[in-house]
Amino acid sequence: MSHATVAPGDLRPVRTADGSFTLRHERLDEHYHSVHGAVRESQHVFLRNGLHAVDLPRIDLLEIGLGTGLNALLTFLATRVHRCTVHYTALEPFPVSIDLLRSMDHCAVLGVPDARDLYEEWMMGGPGVVIPAGDGFHFRRLDQEAGSITDANAFDLIYFDAFAPEKQPGLWTEEMFQRMHKALRPGGVLVTYCAKGQVRRNMVSAGLQVERLPGPPGKREMLRARRPKEVRA
Ligand SMILES: C[S@@+](CC[C@H](N)C(=O)[O-])C[C@H]1O[C@@H](n2cnc3c(N)ncnc32)[C@H](O)[C@@H]1O
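Because the structure is predicted, anything quoted here is derived from the model rather than measured.

1. Points about the sheet that holds strand 3 (residues 30–31)
Within the open sheet, the 3 strands sit side by side as 1-2-3. Their pairing is antiparallel. Each having just a single partner strand, strand 1 (11–15) and strand 3 make up the two edges of the open sheet. In this structure, strand 2 (residues 21–25) lies alongside strand 3, joined through 2 bridges in antiparallel fashion. Bridged to Arg24 within strand 3 is His31.

2. Considering helix 7 (residues 174–183)
Since one α-helical turn is 3.6 residues long, residues separated by three or four positions face the same way. Of all the positions in helix 7, only Met176, Phe177, Met180, His181 and Ala183 are classed as buried. Axial view of helix 7: buried residues confined to an arc of 165 degrees, hence all on one face. Buried-residue contacts for helix 7 involve strand 4 (58–64), strand 8 (155–160), strand 9 (184–192) and helix 8 (197–205).

3. Some details on the packing of aromatic side chains
Within the structure shown, the criterion is met by 12 aromatic pairs. Judged by centre distance (5.3 Å) and plane angle (40 degrees), the rings of Trp122 and Phe137 are tilted. Here Phe137 lies in strand 7 (residues 137–142) and Trp122 lies in helix 6 (residues 116–124), a separation of 15 residues in the sequence. Like Phe137, Trp122 is buried. Chaining the aromatic ring pairs together yields one cluster made of Phe46, Phe76, Tyr88, Trp122, Phe137, Phe139 and Tyr159.

4. Considering empty space enclosed by the protein
Taken as a whole, this structure holds 1 cavity of 30 Å³ or more when the rule is applied. Volume-wise, the largest cavity comes out at about 30 Å³. Leu101, Arg102, Asp105, His106, Cys107, Arg116, Tyr119 and Glu120 are the residues that line the largest cavity. Mapped onto the lining of the largest cavity, the elements with two or more residues apiece are helix 4 (98–104), helix 5 (106–109) and helix 6. For the lining of the largest cavity, the element with the most residues is helix 6, which contributes 3 residues. Classifying every residue of the lining of the largest cavity gives 3 nonpolar, 1 polar and 4 charged.

5. Topic: the nonpolar core
Membership of the largest hydrophobic core comes to 76 residues, with the highest contact counts inside it found for Trp122, Phe160 and Phe177. Broken down by element, this core gets its largest block of residues, 7 residues, from helix 3 (residues 70–82). The residues touching Phe160, leaving out its near neighbours within four places in the chain, are Phe46, Ile64, Leu171, Trp172, Met176, Phe177, Met180, Leu190, Val191, Thr192 and Tyr193.

6. Considerations on the packing of helix 3 against helix 6
Interhelical geometry of helix 3 versus helix 6 gives an angle of 135 degrees and a closest axis separation of 11 Å. With respect to their mutual orientation, helix 3 and helix 6 come out oblique. Between helix 3 and helix 6 the crossing geometry is right-handed. From helix 3, Ala72, Leu73 and Phe76 reach across to helix 6, where they touch Leu118, Tyr119 and Trp122. Within the contact of helix 3 with helix 6, the residues separate by chemical class into 6 nonpolar, no polar and no charged.

7. Section: the environment of His44
Checked against the element boundaries, His44 lands in helix 2 (residues 38–48). Overall, His44 belongs to the buried group, its relative accessible area being 14%. Sequence separation between His44 and Gly215 is 171 residues; the distance between their C-alpha atoms is 7.7 Å. If near-sequence neighbours (up to four positions away) are discounted, His44 is found in contact with Asn49, Pro214, Gly215, Pro216 and Met222. At 2.7 Å, the side chain of His44 forms a polar contact with the backbone oxygen of Pro214.

8. A few points about the sheet that holds strand 6 (residues 131–132)
The 8 strands lie next to each other as 6-7-5-4-8-9-11-10, forming an open sheet whose pairing is mixed. Strands with a single pairing partner mark the edges of an open sheet, and in this sheet they are strand 6 and strand 10 (209–214).

Parameters and conventions
- Along every chain, residues carry numbers that run from 1 in the direction the sequence is written.
- It should be noted that, the model being predicted, local features are given only for residues of pLDDT at least 70 and side-chain atom pairs only at 80 or more, the latter also being counted only at that level, while totals for whole chains, interfaces and linings use all residues.
- Calculation of side-chain values draws on the structure's entire complement of heavy atoms; hydrogens and water are dropped beforehand.
- A pair of strands is treated as paired once DSSP finds two or more bridges between them.
- Numbering goes from the N terminus for both helices and strands, where a helix is a DSSP run of H or I of at least four residues and a strand is a run of E of at least two.
- The rule is simple: take the accessible area with a 1.4 Å probe, protein chains only, and divide by the maximum for that residue type; under 20% is buried, over 50% is exposed, in between is partly exposed.
- Within this analysis, the arc is defined by the directions that extend from the helix axis to the C-beta atoms.
- In this analysis, two residues are considered to be in contact whenever any of their non-hydrogen atoms come within 4.5 Å of each other.
- Pairing of aromatic rings covers Phe, Tyr and Trp, the last through its six-membered ring, and needs centres within 6.5 Å; plane angles under 30 degrees mean stacked, over 60 mean edge-to-face, and all others mean tilted.
- In the cavity and pocket records, a cavity denotes points on a 1 Å grid over the protein atoms alone where a 1.4 Å probe fits but cannot get out, a pocket denotes an open set with protein on both sides within 12 Å along at least 5 of 7 lines, and lining residues are residues with an atom within 4 Å of a point.
- Grid points are joined across faces, edges and corners, and a volume is the space filled by probe spheres set on the points.
- In this classification, the charged set is Asp, Glu, Lys and Arg, the nonpolar set is Ala, Val, Leu, Ile, Met, Phe, Trp, Tyr, Cys and Pro, and all remaining amino acids, among them Gly, are polar.
- Residues belong to a common nonpolar core when they are buried Ala, Val, Leu, Ile, Met, Phe, Trp, Tyr or Cys residues joined through side-chain atoms within 4.5 Å.
- Fitted lines through C-alpha atoms serve as axes, helices being fitted only where they are in contact, and the angles separating the N-to-C directions of these axes extend from 0 to 180 degrees.
- Small angles under 35 degrees read as roughly parallel and large ones over 145 as roughly antiparallel, with 65 to 115 read as roughly perpendicular and the rest as oblique.
- By convention, the crossing between two helices is left-handed when the near helix turns anticlockwise from the far helix through less than a right angle, and right-handed when the turn is clockwise.
- In protein, a polar contact means a hydrogen-donor-capable atom and an acceptor-capable atom, both N or O and within 3.5 Å, with residues adjacent in sequence counting only if both atoms are side-chain atoms; elsewhere, any N or O pair within 3.5 Å suffices.

Printed below as a string of structure tokens:
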């Protein structure tokens with residue numbers, strides 16, 4: 001699928017079942033989150049089964065697909081409560097416009113209007129700039145594509161939040177999960193809302209240990225993968 005096909009251009013905000021907003025990509029016929037509840041999906045897949053499954057005082061986190069920044073915002077709010085340090089790196093080659101972000105107003109929906117300035121700084125600031133938020137949260141956005149990731153042993157957690165495999169098959173291949181395996185530290189975790197059999201097999205072929213977990217509302221299952229810890233001889 002060409003980049004022109006997934007680049008934003010015909011996006012519109014849609015209210016989801018829990019009252020929070022997502023974007024609908026008309027040309028792609030795809031939403032950025034589940035219409036059964038954007039916040040509920042994000043909390044379940046990425047926070048409950050991702051962030052809270054990593055028991056480290058400092059977490060280096062990579063997100064594939066920053067989109068509307070909802071996962072980043074919820075992770076920031078979680079660090080305020082759980083007192084861990086998160087270094088958040090989000091990839092987004094197709095940033096969403098400030099007007100669209102304001103029309104969804106995640107900060108108001110989440111009851112944290114005081115976080116709005118910080119959130120807008122993350123979303124609109126220059127790529128590569130590290131923005132410390134206090135509460136142990138450090139954010140940086142990169143305009144890099146997932147396919148160009150070459151980091152090794154760099155992350156404890158990956159939020160794999162690309163568009164669905166039917167829409168962007170190139171992001172769900174064995175080769176892509178080899179990159180993710182390499183980017184993770186031993187014992188590191190990757191979570192995604194997707195539970196497709198072929199995706200799971202591609203993860204396994206790339207050397208990841210994969211478990212199926214109950215999915216968020218509207219989805220039976222999701223996947224959590226782990227880079228195995230190295231066994232010392
Ligand atoms: C399902 S949405 C992500 C939703 C987002 N995590 C949020 O909290 O709003 C998928 C995102 O992946 C981005 N994307 C598309 N191609 C990509 C690529 N090659 N590498 C990284 N991200 C990509 C899209 O622009 C879109 O923002």
